[in-house]
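Each chain, written out:
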Amino acid sequence: MQRGGSATGNGSQSWVLRRLPLTWLSFMLFFILVFFPLLAHYYLTTIDEAGGPDKRIFGPRPGGELCEAKHVQDLCRIRESVSEELLQLEAKRQELNGEIARLNLRIEACKRSIDSAKQDLLQLKNVISQTEHSYKELMAQNQPKLSLPIRLLPDKDDPGLPPPRSVPACRLHTCFDYARCPLTSGFPVYVYDTGSYSWGENVDPLVKQAFASSVKSSVYVTDNPNIACLYVMLVGEVQEPLSSPPSPMDLERQLKALPYWRSDGHNHLLVHLSRKSLTQNFLYNVSTGRAAVAQSTFLERQYRDGFDLVVSPMVHALSEPNFLEVPPQVPVKRKYLFTFQGEKVESLRSSLLEVPPQSFEEEIEGDPPADYDDRIIGTLKAVQDSHLDQVLVEFTCKNRPRPSLPTEWALCGEREERLEILKASTFALVIAPGNGHLVASAGCNMRLFEALEVGAIPVVLGDHSKLPYHQLIRWNEAAIMVPKPRITELHFLLRSLSDNDLLAMRRQGRFLWETYFSTSESIFNTILASVRTRIQIPAAPIKEEPAQEIPHKAGKMAGTDANMADNGDLDLGPVETEPPYASPRFLRNFTYTVSDVYLTWNRAPGPFHLFPHTPLDPVLPSEAKFLGSGTGFRPIGGGSGGSGKEFQAALGGNVPREQFTVVMLTYEREEVLMNSLERLNGLPYLNKVVVVWNSPKPPSDDLLWPDIGLPIVVVRTEKNSLNNRFLPWDAVETEAILSIDDDAHLRHDEIMFGFRVWREARDRVVGFPGRFHAWDVNHQSWLYNSNYSCELSMVLTGAAFFHKYYAYLYSYVMPQAIRDMVDEYINCEDIAMNFLVSHITRKPPIKVTSRWTFRCPGCPQALSHDDSHFHERHKCINFFVKVYGYMPLLYTQFRVDSVLFKTRLPHDKTKCFKFI
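All values derive from a computational prediction rather than experimental measurement.

What to know about the overall build of the chain
Counting its secondary structure elements, the chain contains 22 helices and 26 strands. Burial status across the chain gives 48% buried among its 916 residues. When contacts within the chain are restricted to residue pairs at least 6 apart in sequence, long-range pairs at least 24 apart make up 79% of them. Element-wise, carbon and sulfur atoms account for 56% of the exposed surface of the chain, whose accessible area totals about 46900 Å².

Remarks on empty space enclosed by the protein
One pass over the structure, following the stated rule, counts 13 cavities of 30 Å³ or more. Looking at the largest cavity, its volume works out to about 150 Å³. Forming the walls of the largest cavity are 13 residues, and the residues nearest its centre are Phe340, Gln341, Leu422, Leu429 and Arg447. Listing elements by their share of the lining of the largest cavity, those giving two or more residues are strand E7 (336–341), helix H9 (415–423), strand E9 (425–431) and helix H10 (442–454). In the lining of the largest cavity, the residues fall into eight nonpolar, two polar and three charged. By volume, the second largest cavity amounts to about 100 Å³. What lines the second largest cavity is Leu172, Cys175, Phe176, Leu230, Asn267, His268, Leu269, Arg290, Ala292, Phe307, Val531 and Arg534. Secondary-structure elements contributing two or more residues to the lining of the second largest cavity are helix H4 (172–175), strand E3 (268–272) and helix H13 (520–534).

Points about the pattern of salt bridges
Taken as a whole and assessed by the stated rule, the structure comprises 33 salt bridges. In this structure, the salt-bridge partner of Lys688 is Glu733, at a minimum N-O distance of 3.7 Å. With a gap of 45 residues between them, Lys688 in strand E16 (residues 686–693) and Glu733 in the loop between strand E18 (712–716) and strand E19 (736–741) connect regions that are remote in the sequence. Overall, the relative accessible area of 32% leaves Glu733 in the partly exposed class. Between Asp749 and Arg747 there is a salt bridge, and its shortest N-O distance comes to 3.0 Å. Through salt bridges with shared partners, a single ionic network connects Arg415, Arg418, Glu450 and Glu453.

Some words on unusual backbone geometry
Omega for the peptide link from Val330 to Pro331 comes to 5°, which places this bond in the cis form. With respect to the helices and strands, Pro331 occurs in the loop between strand E6 (309–310) and E7. We note that Phe187 has phi near 60°; this positive angle belongs to a residue other than glycine. Considering the arrangement of structural elements, one finds Phe187 in the loop between H4 and strand E1 (189–191). Given a relative accessible area of 0%, Phe187 falls into the buried group. Residue Tyr685 is not a glycine yet carries a positive backbone phi of 60°.

Points about the sheet that holds strand E23 (residues 794–795)
Strand order in the open sheet formed by three strands is E22-E21-E23, and the pairing between neighbours is antiparallel. Looking along the sheet, the strands with just one partner apiece sit at the ends: strand E22 (781–785) and E23. Both strand E21 (residues 770–776) and E23 contribute to a ladder of two bridges, which runs antiparallel. From the neighbouring strand, Gly770 faces E23, where its bridge partner is Val795. Taken strand by strand, helix H22 (residues 868–884) contacts E21, E22 and E23, and its axis lies near 130° from that of E22.

Concerning the packing of helix H12 (residues 499–517) against H13
Axis angle and axis distance: for two packed helices, these are the angle between their axes and the distance between the axes, and together they describe the pair. It is at 6 Å that the axes of H12 and H13 come closest, and there the two elements cross at 85°. Taken as axis vectors, H12 and H13 run roughly perpendicular relative to one another. Counting all contacts with H12, which are made through Thr515, Tyr516 and Phe517, the residues of H13 involved are Ser522, Ile523 and Thr526.

Some details on the side chain of His745
Following the sequence through the fold, His745 ends up in the loop between E19 and helix H18 (748–760). Overall, His745 belongs to the buried group, its relative accessible area being 16%. In this structure the side chain of His745 is engaged in a polar contact, spanning 3.5 Å, whose partner is the side chain of Arg679.

Some words on the nonpolar core
Counting residues in each nonpolar core, the largest one holds 79 residues, and the members touching the most others are Phe187, Leu273 and Phe517. The element best represented in this core is strand E2 (residues 230–236), accounting for six residues. Setting aside anything within four residues of it in sequence, one finds Leu273 in contact with Val207, Phe211, Leu234, Gly236, Glu237, Val311, Met314, Ile523 and Ile527. By size, the runner-up hydrophobic cluster in this structure holds 49 residues, among which are Tyr810, Phe835, Val837 and Phe880.

Re the environment of Thr396
Tracing the backbone through its elements, the reader meets Thr396 in the loop between strand E8 (392–394) and H9. Residue Thr396 is classed as partly exposed on the basis of its relative accessible area, which comes to 41%. Separated by 16 residues in sequence, Thr396 and Cys412 place their C-alpha atoms 8.1 Å apart.

Description of the environment of Ala832
For Ala832, the location among the structural elements is in helix H21 (residues 829–841). Judged by relative accessible area, Ala832 falls into the buried class, the value being 1%.

Observations regarding the state of the cysteines
For the structure on display, the rule yields four disulfides. The disulfide that involves Cys181 links it to Cys229, with 1.7 Å between the sulfurs. Looking along the S-S bond of the Cys181-Cys229 disulfide, the torsion reads about 95°, which is the right-handed sense. One end of the pair, Cys181, is in the loop between H4 and E1; the other, Cys229, is in the loop between helix H5 (205–216) and E2, with 48 residues separating them in the sequence. An identical accessibility class is assigned to Cys181 and Cys229; each is buried. Each disulfide pairs two cysteine sulfurs, and for Cys828 the partner residue is Cys876, the sulfurs being separated by 2.0 Å.

Re the environment of Asn435
When you line up the elements, Asn435 lands in the loop between E9 and strand E10 (438–440). Once the C-alpha coordinates of Asn435 and Glu408 are considered, the two residues, 27 residues apart in sequence, prove to be 7.9 Å apart.

Brief notes about the packing of aromatic side chains
Applying the stated rule across the entire model yields 31 aromatic pairs. Relative to Trp409, the ring of Phe395 has its centre 5.9 Å away and its plane inclined at 55°; by these criteria the two rings are tilted. Linking Phe395 in the loop between E8 and H9 with Trp409 in the loop between E8 and H9, this pair joins segments that are 14 residues apart in sequence. When the ring of Phe835 is compared with that of Phe880, the centres are 5.5 Å apart and the planes differ by 75°; the resulting orientation is edge-to-face. Here Phe835 is found in helix H21, whereas its partner Phe880 is found in helix H22, with 45 residues between them in sequence. No difference in accessibility class separates Phe835 from Phe880, as the two residues are buried. Joined through ring pairs, the aromatic side chains of Tyr190, Tyr192, Tyr197, Tyr231 and Tyr260 make up one cluster. Lying over the aromatic face of Phe755, Arg759 brings its terminal NZ or CZ to 6.0 Å of the ring centre.

Cut-offs used in this document
Residues numbered from 1 in each chain as written. Predicted model: local features only at pLDDT ≥ 70, side-chain atom pairs only at ≥ 80, totals over all residues. Heavy atoms only, no water. Helix = DSSP H or I, 4+ residues; strand = E, 2+ residues; numbered from the N terminus. Buried < 20%, exposed > 50% of the residue type's maximum accessible area, 1.4 Å probe, protein only. Contact = heavy atoms within 4.5 Å. Areas by Shrake-Rupley, 256 points an atom, 1.4 Å probe, with all protein chains shown as cover. 1 Å grid on protein atoms, 1.4 Å probe; cavity = no way out; pocket = protein on both sides within 12 Å on 5 of 7 lines; lining within 4 Å. Points joined across faces, edges and corners; volume = space filled by probe spheres on them. Nonpolar A, V, L, I, M, F, W, Y, C, P; charged D, E, K, R; others polar. Salt bridge = Lys/Arg side-chain N within 4 Å of Asp/Glu carboxyl O. Pairing = 2+ DSSP bridges. Axes fitted to C-alpha atoms, helices over the stretch in contact; angles between N-to-C directions. Parallel < 35°, antiparallel > 145°, perpendicular 65-115°, else oblique. Polar contact = N/O pair within 3.5 Å; in protein donor to acceptor, adjacent residues only side chain to side chain. Core = buried A, V, L, I, M, F, W, Y, C linked by side-chain atoms within 4.5 Å. Disulfide = S-S within 2.5 Å. Phe/Tyr/Trp six-rings, centres within 6.5 Å; stacked < 30°, edge-to-face > 60°. Lys NZ or Arg CZ within 6 Å of the ring centre and 35° of its normal.

Right, dumping it as structure tokens:
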């Protein structure tokens with residue numbers, strides 16, 4: 001038990017002993033960790049305080065001493081760098097504050113300058129406004145605007161004019177009522193319905209039908225008789241034979257019964273159209289009062305000069321003449337020098353015998369000869385027998401001659417037989433009736449018509465004859481008038497004419513026949529135009545083609561192609577900031593009516609001898625300055641051109657203010673079209689762009705058109721036709737037209753140069769790519785050639801300037817057969833335009849720059865790349881030659897290049913174009 005107890009006691013003692021060291025150890029560790037640092041700190045502090053501030057060991061020290069420590073030297077350097085930068089920034093801030101102050105002063109000065117400039121600009125605007133107002137006042141004084149006069153319409157039953165002393169003494173001033181025809185009336189014409197009157201049953205049905213068709217197509221005919229200026233009544237040609245021909249008294253009663261005859265028939269025109277060589281002059285014994293008469297046959301006592309009208313016969317009543325059957329105008333000399341076929345029953349039979357005729361001196365010794373026909377017969381037979389030239393004269397008909405008036409030469413044979421003889425004749429003799437009192441006859445006019453139709457130059461023997469519209473046509477340009485006493489000199493006269501003169505007369509005769517005599521419509525229009533010209537009323541404007549615009553939306557502002565606008569320091573002229581300026585219109589209407597009284601085409605100053613703007617033709621709306629006859633006045637030294645900058649910035653010339661219109665034909669090439677339109681951005685003197693949309697499909701709905709700062713008019717066409725390029729669109733308001741293809745690639749300086757050249761030659765086609773025609777000896781035909789050559793005869797209208805007048809001629813005057821062929825081949829419209837202009841002007845086109853092509857790189861191929869393109873153009877040229885009767889194209893080696901256009905010259909030197 002004890003052993004166990006002692007063991008227990010020893011265990012408890014050992015556990016106490018083990019526990020005491022652990023407590024002690026913990027206490028000691030706590031004392032060391034807490035009290036030892038406190039004691040150490042106290043001790044150290046006490047030592048520093050006892051040693052003084054200079055001998056401190058652990059206390060804080062000065063900055064210099066601290067920097068001596070190696071581990072903080074980098075921080076010191078950083079602090080010093082930052083301090084220096086702060087000093088620099090402070091200096092910069094002060095400098096910028098000074099600069100801001102100086103700039104504020106400059107801003108204030110600029111504001112004061114702007115205010116001053118605004119005041120100056122306002123003053124300049126006032127000066128400009130006053131100057132424009134003064135200019136308008138001066139223009140109004142020099143060119144007053146005429147307002148329409150008040151039109152007083154007479155009553156239906158007005159008494160009319162006082163009776164003239166005698167009916168044969170009727171003239172316009174005594175028998176025509178000008179009060180019914182104001183200058184601005186438009187010349188309204190009322191046409192009676194022939195079928196509503198009794199004598200209408202006797203009128204030839206063919207003449208009646210052709211006349212009615214012509215009336216429907218006239219722009220002057222009105223249905224309102226109360227406003228009419230002229231009243232027209234068809235009285236013949238009368239059918240033959242008549243069962244009961246009306247007596248003169250019956251005709252007079254029927255005329256006086258007309259509802260608007262007004263007792264004396266003033267302002268009436270009685271028209272008698274003849275289809276045969278023998279036309280009875282049944283109005284001879286009829287008192288027509290103050291009514292004028294238009295017919296082919298007149299006696300001297302019946303004809304009232306300056307009042308009545310001698311008209312041509314109506315051969316082609318309802319049929320159009322076939323131009324392909326008309327013989328060519330070349331060669332100039334034909335088989336026969338002159339021909340004549342006719343028979344005169346009452347002529348002296350002794351003249352047909354081989355007896356030398358008496359001399360004129362011998363005849364004059366006796367009684368004065370009343371009829372030279374026997375002398376003419378003998379002289380012409382002597383020329384035929386001399387065999388100096390081949391002539392054909394026949395004074396007896398093989399078959400029975402057609403009836404004729406007394407002393408008039410009857411026509412022999414049928415019309416086709418006579419035309420075959422005339423086609424081989426250089427001259428065709430027209431012998432006037434032997435009766436000097438027969439001043440006009442249907443037989444002579446029929447001979448004249450047939451000669452002009454086939455290109456035989458008429459030679460009229462007898463100076464007493466009145467040719468159709470003799471007061472309005474210069475017949476000496478198309479025919480030769482020879483008095484009968486000069487019959488012995490006729491042969492010498494005809495042989496002395498040069499080929500150039502013969503060709504000019506033949507061309508003029510062809511024009512007169514086509515324009516005034518060929519169809520019933522042309523005859524009726526010529527009759528009305530003759531009366532209108534006599535009373536000095538301007539012609540009605542030719543209709544313009546209404547432009548049916550296709551709506552489109554413009555996209556972003558078009559950029560400027562670097563290739564198009566890279567002109568260096570060349571100033572091409574100002575891009576117009578004002579609204580588009582249209583060419584003046586109708587400025588010379590009344591000038592034409594009072595100064596030009598002939599039916600020839602010579603209507604304007606310059607070399608135009610076949611220009612179709614005459615008193616007898618409708619007035620074109622844009623004809624103010626054609627052929628360079630500008631109205632601008634520039635005093636000496638007062639021009640806007642000159643040297644350097646002044647020349648480039650102003651067009652100069654006699655028309656210093658002018659713009660042009662771009663007409664662009666396109667067909668389903670939208671991307672190419674948009675690129676071409678963008679290239680026109682910034683082009684000076686551009687009025688607008690007319691896009692002729694030749695496709696039946698409209699443009700895409702999402703197509704964005706470029707905004708070039710000018711109107712773009714997209715015109716819808718009725719059909720796909722290349723002729724649409726030359727329609728006189730009413731959207732074109734300028735005289736100058738730049739016809740351009742949608743893939744043409746021209747620089748702005750080239751376009752401006754072409755425009756300047758065209759303004760110096762307004763009657764020509766001025767363009768860039770040149771072509772020429774050539775004669776194929778092997779095939780005896782004409783060829784179209786596009787090879788590079790120094791000689792040309794055509795300028796392609798895919799990039800060319802021309803006058804808008806030619807658009808009217810191409811669309812309304814040029815033979816329809818040419819336009820039909822253009823539609824058939826979808827080709828040759830440019831050749832047709834060159835033919836037309838050369839035919840009218842007798843001048844070649846003008847090529848500018850050395851360009852031979854104008855296609856844009858990378859564009860889709862055009863129609864001209866087709867293999868059949870050139871074959872079709874060969875056919876076109878030969879067909880056009882048949883229609884015109886000769887080759888109107890003329891060769892030229894003239895080309896206009898810009899030599900000094902970009903050259904800078906001193907201001908005291910003259911700057912100009914140099915043409916080479």
